[in-house]
Amino acid sequence: MPKSEADKAAEAQRVRQAQQRLTAAKARRDELKAAADREFWTAVAAAIDSGELKQTEACQAIGYQREYVRRQLLDLRAQAAEPTD
């Protein structure tokens, strides 16, 4: 039996609402991941900047290449220097 126009409209509305929920969930996940990354790289930078660890020692501890860590720390510092509106 074919769907009525009302059924089709209800189905389309249900799909739109589910898509909106997923879009919001993805945005929240992305925010949480970004915050976790900032927290992690801030801790790495603090350990290096304080002299507690040399950069190579920090790299050994976290399992990343030195160049990757260097770039992440540069990005972290650049983000910290950006003015917030």
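You'll find the structure just up there.
Treat the numbers as computed from the prediction; the structure is a model and nothing was measured.

Student: I'd like a description of the side chain of Gln55, backed by residues and values.
Tutor: One can find Gln55 in helix 2 (residues 55-62). Take Gln55: its relative accessible area is 18%, and that puts it in the buried class. Beyond its immediate chain neighbours, meaning those up to four positions away, Gln55 contacts Ile48, Arg66, Val69 and Arg70.

Student: Mind laying out the nonpolar core, listing which residues take part and the relevant values?
Tutor: Of all hydrophobic cores here, the largest spans nine residues; its members are Trp41, Val44, Ala45, Ile48, Ala58, Cys59, Val69, Leu73 and Leu76. Only helix 1 (5-49), helix 2 and helix 3 (66-81) provide two or more residues apiece to this core. The element best represented in this core is helix 1, accounting for four residues.

Student: Mind laying out helix 3, listing which residues take part and the relevant values?
Tutor: Since the α-helix advances by 3.6 residues per turn, residues separated by three or four positions end up pointing in the same direction. Over its 16 residues, helix 3 extends 23 Å from the first C-alpha to the last, a length consistent with the 22 Å expected when each residue adds 1.5 Å. Burial in helix 3 covers these residues: Val69, Gln72, Leu73 and Leu76. An end-on view of helix 3 places all buried positions within 100 degrees of arc, on one side of the element. Along its buried surface, helix 3 packs onto helix 1 and helix 2.

Student: Can you lay out the packing of helix 1 against helix 3 for me, pointing to particular residues and giving the numbers?
Tutor: It is at 10 Å that the axes of helix 1 and helix 3 come closest, and there the two elements cross at 105 degrees. As the angle between them shows, helix 1 and helix 3 are arranged roughly perpendicular. The residues of helix 3 that touch helix 1, namely those facing Arg38, Trp41, Thr42, Val44, Ala45, Ile48 and Asp49, are Tyr68, Val69, Gln72, Leu73, Leu76, Arg77 and Gln79.

Criteria and thresholds
Residues numbered from 1 in each chain as written. Predicted model: local features only at pLDDT ≥ 70, side-chain atom pairs only at ≥ 80, totals over all residues. Heavy atoms only, no water. Helix = DSSP H or I, 4+ residues; strand = E, 2+ residues; numbered from the N terminus. Buried < 20%, exposed > 50% of the residue type's maximum accessible area, 1.4 Å probe, protein only. Contact = heavy atoms within 4.5 Å. Core = buried A, V, L, I, M, F, W, Y, C linked by side-chain atoms within 4.5 Å. Expected span 1.5 Å × (residues − 1). Arc of directions from axis to C-beta. Axes fitted to C-alpha atoms, helices over the stretch in contact; angles between N-to-C directions. Parallel < 35°, antiparallel > 145°, perpendicular 65-115°, else oblique.

Keep in mind these values describe shape, not function.
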